[in-house]
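# Examination of the molecular architecture
Listed below, chain by chain, are the residues.
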Amino acid sequence: MSESTLTLLRDVTHWRTGERITLAVEDGVVVPAPRRPGAHARVFEGRGAVVAPGLVDLHVHLREPGQAAKESIETGTRAAAAGGFTSIACMPNTDPIVDTPAWVEWVRRRGEAAAHCNVLPIAAVTVGQKGEQLAPLEALARAGAVAFSDDGRPVTSAAMMRRALEYAKPTGLPIVCHEEDPTLKGDGVMHEGFTATRLGLRGIPAAAESVMCRRDADLAELTGGRVHFAHLSTSASFDALRDAKRRGLRVTGETCPHYWVLTDEAVGDYDTHAKMNPPLRSEADRAACIAAIADGTIDCFATDHAPHTADEKARPFTDAPFGIVGLETALALTLTHLVHPGHLSMTRALELWTDAPRYCFGLPPVSVEAGSPADLVIFDPEAEWTVDPEAFHSKGRNTPFAGWRLKGRVLATLLHGTFTHVAAGVHFERPAAAAAAAR
Amino acid sequence: MTSDTVAAVPTPPGAGIFSTSETPLGTATVPGDLGAPARSVGAPAAADPRHFLGLEGLSRATLLTLLADAAREREWLKLGEPNRRDLAGLTVVLAFIEDSTRTRTSFEIAAQRLGANTVVFASAASSLNKGETLLDTVRLFEAMGAGLVVVRHPSSGAPAWLARQLGSIGVLNAGDGMHEHPTQGLLDLLTLHDAWQGRFEGRRLAIVGDIAHSRVARSAIAGLTTLGCRVTVCGPGTLIPAEVEELGCDVDTTLEDALAGADGVMALRLQRERMETGLLPTIAEYARLWGLTPERVALLAPDGVVLHPGPVNRGVEMAHEVADGPRSRIFDQVANGVAVRCCVLRRCAQALRRPHGFTVSVAAPR
């Protein structure tokens with residue numbers, strides 16, 4: 001299949017208008033649908049499936065360089081394609097830390113070579129993410145970094161955060177903040193509340209996150225810098241973001257599917273698949289999360305896809321690493337737990353996975369109209385399926401959703417007009433061949 | 001060829017989900033049979049009678065049976081007869097990944113009194129902190145034919161985790177992190193059972209001190225509330241864990257309030273580490289506010305008793321006069337420890353049902 005082959009996406013539902021349309025893709029871009037397609041056109045019968053711009057995830061741990069036992073750029077981006085993503089931003093807390101232009105370049109090229117989705121490297125804010133010395137932010141931006149983050153840990157020093165915001169300003173790139181006061185977190189391994197008390201596990205109070213959100217909002221005001229809150233999980237953090245917007249600050253924030261689906265009760269009997277940072281919070285926080293999504297406080301969604309090996313997650317709870325995978329369940333969790341119950345319209349939910357994250361990182365918007373790059377996702381919002389971690393393309397099987405029944409399934413993903421994922425059971429038709437067979 | 005066309009499901013998307021008007025917020029109930037599968041967490045290891053992992057979740061009937069069995073073991077132990085042969089052929093591994101001479105010795109004596117062989121495996125947590133090495137080691141003992149492993153571990157949930165990983169061996173929790181210390185809990189119940197003439201309903205126990213870090217407190221709260229006894233916890237605010245009332249106990253802000261009219265008080269051991277990590281200013285202040293003095297103990301009901309899991313920091317958690325006073329049941333607790341551990345070892349061994357070799361005499365001692 002050469003690049004110039006015309007691909008027709010027939011009888012698909014436009015994600016904004018809800019109209020049944022036929023979409024044509026040629027040479028990597030969306031083109032006007034021809035009246036009489038040539039015999040060599042490849043046809044994807046949508047049967048009403050929804051077509052939308054490819055999803056964007058601003059928060060992925062691809063684990064390379066250095067931690068390929070957990071995930072590689074190849075497997076992580078393949079998982080992204082399976083989840084309907086065409087662009088993902090990856091975090092620099094690898095081994096070594098991505099804090100030099102050479103490593104940014106390396107990650108970008110590995111992503112291009114894998115060719116499953118656009119890989120947008122995020123570079124460290126401070127050298128080695130140690131919080132002591134600024135990384136070369138300008139050079140990192142020129143090498144292709146789309147944002148800066150010490151994710152995995154906060155920038156503990158307020159003075160260092162101030163300098164980073166000031167210094168990063170000319171680049172126009174946001175600083176993605178993992179908000180957590182390390183002294184309040186202490187040795188905590190889950191949300192501080194009844195479940196932690198019952199299990200005798202050290203708690204992480206909700207305030208560990210929100211106090212840092214408040215601090216960084218104030219620093220955004222002081223410096224005029226661009227702050228993006230990563231993976232918000234608590235009611236007070238949503239309030240901090242709401243308040244920052246009311247004050248007209250250049251602050252945005254994301255949340256993740258597990259914060260609107262699960263609570264700390266999911267830890268149950270020391271289930272390490274419910275251990276992540278920030279931790280699953282209380283029922284009140286979960287409700288506040290849905291409210292913050294519905295009222296527009298939350299700017300975009302992200303997965304915080306954090307793969308670990310089965311051995312690491314098989315350790316006792318306290319010793320197991322934080323994090324769960326998310327790329328291959330994100331869209332279905334959005335549809336099942338936000339759209340189908342009526343908290344959010346389908347269009348708005350898709351915006352939060354497409355235009356909204358692009359806006360947060362200053363990336364150009366993508367549409368499904370003629371002339372736009374053919375980075376697309378096609379999904380059936382009604383199809384039910386059961387989450388089977390063994391079927392994941394990611395190396396990570398660490399999901400709390402194993403065995404869950406979800407509604408909404410990705411059928412195909414296109415990157416620059418090429419199919420990067422086609423779900424099992426989905427086939428193509430060539431009109432010429434079909435016509436020949438009919439004769 | 002038509003069968004090769006796209007297998008996308010023909011259902012048209014519901015008109016409702018494309019509308020831009022958001023429906024008001026409700027609880028996120030999932031339609032139909034969507035969502036999580038039926039929950040299995042917690043059930044498998046905890047419900048398996050081969051294991052003894054905690055008092056939480058044990059029924060009132062089970063607890064009363066355990067207490068009756070433990071009381072019988074105690075009668076037999078008092079007779080001073082030679083060791084029994086009931087568990088002959090059973091090897092019990094005592095894996096102590098955190099030092100505890102008292103608990104280890106108590107388990108060792110109990111196992112030997114029943115005729116089991118004991119192997120002590122002690123190691124500092126630092127050399128085993130990832131858990132894998134402990135699992136590997138216990139698997140070795142399992143391969144060598146050990147039937148039960150008694151685990152003391154600094155990490156909450158470690159025994160339950162081991163129980164899930166292991167095939168044929170039974171796991172007994174001898175204290176895991178800040179979670180549970182169920183044999184201590186059971187010996188506390190037995191001590192109170194004696195002091196209260198077997199009646200838990202309508203009674204109230206005050207627990208004083210470092211609730212947050214105490215596995216002894218969690219086991220006691222679980223056991224006592226199941227048996228119908230009220231529990232009041234009190235201590236410095238920094239040592240009371242979040243939402244502790246949801247465990248089924250009350251919280252009092254002063255020791256005097258907690259003690260007034262209570263049928264017993266359990267003082268918890270205070271670790272010096274709490275001062276070093278900034279949770280408490282000084283030991284002297286703790287002793288002044290939370291130490292049991294003869295005057296304070298007089299606030300208890302007339303037959304109220306004093307418990308402590310030991311070892312007592314005299315002059316801190318309680319005065320000499322209280323530790324050695326008429327209300328103190330501290331040495332009864334220690335004696336009851338062996339009986340309780342006999343009872344629990346026997347219970348787990350009976351559940352092993354091994355196809356070859358080791359067989360257990362199911363006849364309980366008279």
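Source: prediction; values computed, not measured. (Residues numbered from 1 in each chain as written. Chains lettered and ligands numbered in written order. Predicted model: local features only at pLDDT ≥ 70, side-chain atom pairs only at ≥ 80, totals over all residues.)

### Side note on the overall build of chain A
Along its length, chain A carries 15 helices and 18 strands. For chain A, whose C-alpha radius of gyration is 22 Å, the value lies close to the compact-globule estimate of 22 Å for 439 residues. Taken over the C-alpha atoms alone, chain A extends approximately 75 × 50 × 40 Å along its principal axes. Within chain A, the proportion of its 439 residues that are buried is 61%. (Helix = DSSP H or I, 4+ residues; strand = E, 2+ residues; numbered from the N terminus. Rg over C-alpha atoms; globule rule 2.2 N^0.38 Å. Buried ≥ 20, exposed ≤ 12 C-beta atoms within 10 Å, placed from the backbone.)

### Some points on the overall build of chain B
What chain B contains, in helices and strands, is 13 helices and nine strands. With 366 residues in all, chain B has 45% of them scored as buried. Taking all contacts inside chain B whose residues are at least 6 apart in sequence as the whole, residues at least 24 apart take part in 76%. (Contact = placed C-beta atoms within 7 Å.)

### A word on unusual backbone geometry
Between Asp95(A) and Pro96(A) the backbone carries a cis peptide bond, its omega angle lying at 5°. Position of Pro96(A) relative to the elements: it lies in the loop between strand S7 (85-90) and helix H2 (101-114). Geometrically, the link from Gly310(B) to Pro311(B) is a cis peptide bond, its omega value of -10° lying close to zero. Among the secondary structure elements, Pro311(B) is positioned in the loop between strand S9 (305-307) and helix H12 (320-323). Not every positive phi belongs to a glycine, and Arg63(A) is a case in point at roughly 70°. Note on placement: Arg63(A) falls in the loop between strand S6 (55-60) and helix H1 (73-82).

### Digging into the domain arrangement of chain B
All names here are of chain B. Taken domain by domain, chain B consists of domain 1 (48-180 + 336-352) and domain 2 (183-333). For domain 1 versus domain 2, the separation of C-alpha centres amounts to 25 Å. The interface is formed by 23 residues belonging to domain 1 together with 20 residues belonging to domain 2. Residue assignment for the side of domain 1 that touches domain 2 shows that the elements contributing at least two residues are helix H2 (60-79), strand S4 (170-176) and helix H13 (330-352). At six residues, H2 tops the list of elements feeding residues into the side of domain 1 that touches domain 2. Split into classes, the residues belonging to the side of domain 1 that touches domain 2 amount to eleven nonpolar, six polar and six charged. (Domains from an automatic or database assignment. Nonpolar A, V, L, I, M, F, W, Y, C, P; charged D, E, K, R; others polar.)

### Describing the nonpolar core
Counting 234 residues, the largest nonpolar core has Ala145(A), Phe148(A), Leu148(B), Val149(B), Val150(B), Ile207(B) and Leu345(B) as its most contacted members. Per-element accounting of this core gives the leading share, ten residues, to H13(B). Apart from the residues lying within four places of it in its own chain, the contact partners of Leu148(B) are Leu90(B), Val92(B), Ile169(B), Gly170(B), Leu172(B), Leu345(B), Cys348(B) and Ala349(B). (Core = buried A, V, L, I, M, F, W, Y, C linked by C-beta atoms within 7 Å.)

### Re the sheet that holds strand S7 (residues 250-252) of chain B
All names here are of chain B. Pairing is parallel in the open sheet, where five strands are placed in the order S7-S6-S5-S8-S9. Bordering the open sheet on either side are S7 and S9, each of which pairs with just one other strand. Averaged over neighbouring strand pairs, the angle between their axes works out to 25° when direction is ignored. Bridge count between strand S8 (residues 264-267) and S9: three bridges; the pairing is parallel. Note that in S9 the partner of glycine 264 across the bridge is valine 305. (Pairing = 2+ DSSP bridges. Axes fitted to C-alpha atoms, helices over the stretch in contact; angles between N-to-C directions.)

### A short note on helix H10 (residues 283-294) of chain A
All names here are of chain A. Its twelve residues place the ends of H10 17 Å apart at the C-alpha level, agreeing with the 16 Å of an ideal helix rising 1.5 Å per residue. Within H10, burial applies to Asp285, Arg286, Ala288, Cys289, Ile290, Ala292 and Ile293. Among the structural elements, helix H8 (235-246), strand S14 (251-255), helix H9 (257-261) and helix H12 (330-339) are those in contact with the buried residues of H10. (Expected span 1.5 Å × (residues − 1).)

### Overview of the domain arrangement of chain A
Residues and elements named next belong to chain A. Taken domain by domain, chain A comprises domain 1 (7-50 + 374-384 + 402-438) and domain 2 (54-360). Taking only C-alpha atoms into account, the centre of domain 1 sits 31 Å from that of domain 2. Counting from both sides, the interface comprises 16 residues of domain 1 and, opposite them, 19 residues of domain 2. Put simply, the parts of the chain that give the side of domain 1 that touches domain 2 at least two residues each are strand S16 (376-386), strand S17 (405-415) and strand S18 (418-422). Tallying contributions element by element places S17 first for the side of domain 1 that touches domain 2, with seven residues. Taken together, the residues that form the side of domain 1 that touches domain 2 break down as eight nonpolar, four polar and four charged.

### Focus on the packing of H2(B) against H13(B)
All names here are of chain B. With their axes 8 Å apart at the nearest point, H2 and H13 run at an angle of 115° to one another. Between H2 and H13 the crossing geometry is right-handed. Mapping the contact onto sequence places Leu66, Asp69, Ala70, Glu73, Arg74 and Leu77 in H2 and Asn336, Val338, Ala339, Val340, Cys342 and Cys343 in H13. In terms of residue class, the contact of H2 with H13 is made up of eight nonpolar, one polar and three charged. (Left-handed = near helix turned anticlockwise from the far one by under 90°.)

### Considerations on the pairing of S6(A)
Residues and elements named next belong to chain A. Within S6, six of the six residues are buried, which leaves the element mostly enclosed by the surrounding structure. Bridge count for S6 against S7 is four bridges, and the pairing is parallel. For aspartate 57, the partnering residue across the bridge sits in S7 and is isoleucine 88.

### Some details on the confidence of the model for chain B
Residues and elements named next belong to chain B. On average, chain B scores 86 in pLDDT, and the residues at 70 or more come to 83%. When the criterion is pLDDT under 50, residues 1-31 qualifies, and its contacts beyond four places in sequence or with other chains add up to 71 contacts. Taken together, the stretch residues 359-366 has pLDDT below 50 and engages in eleven contacts with residues farther than four places along the chain or on a different chain. For this predicted complex, the interface score ipTM comes out at 0.85, alongside a pTM of 0.89. (pLDDT = per-residue confidence, 0-100.)

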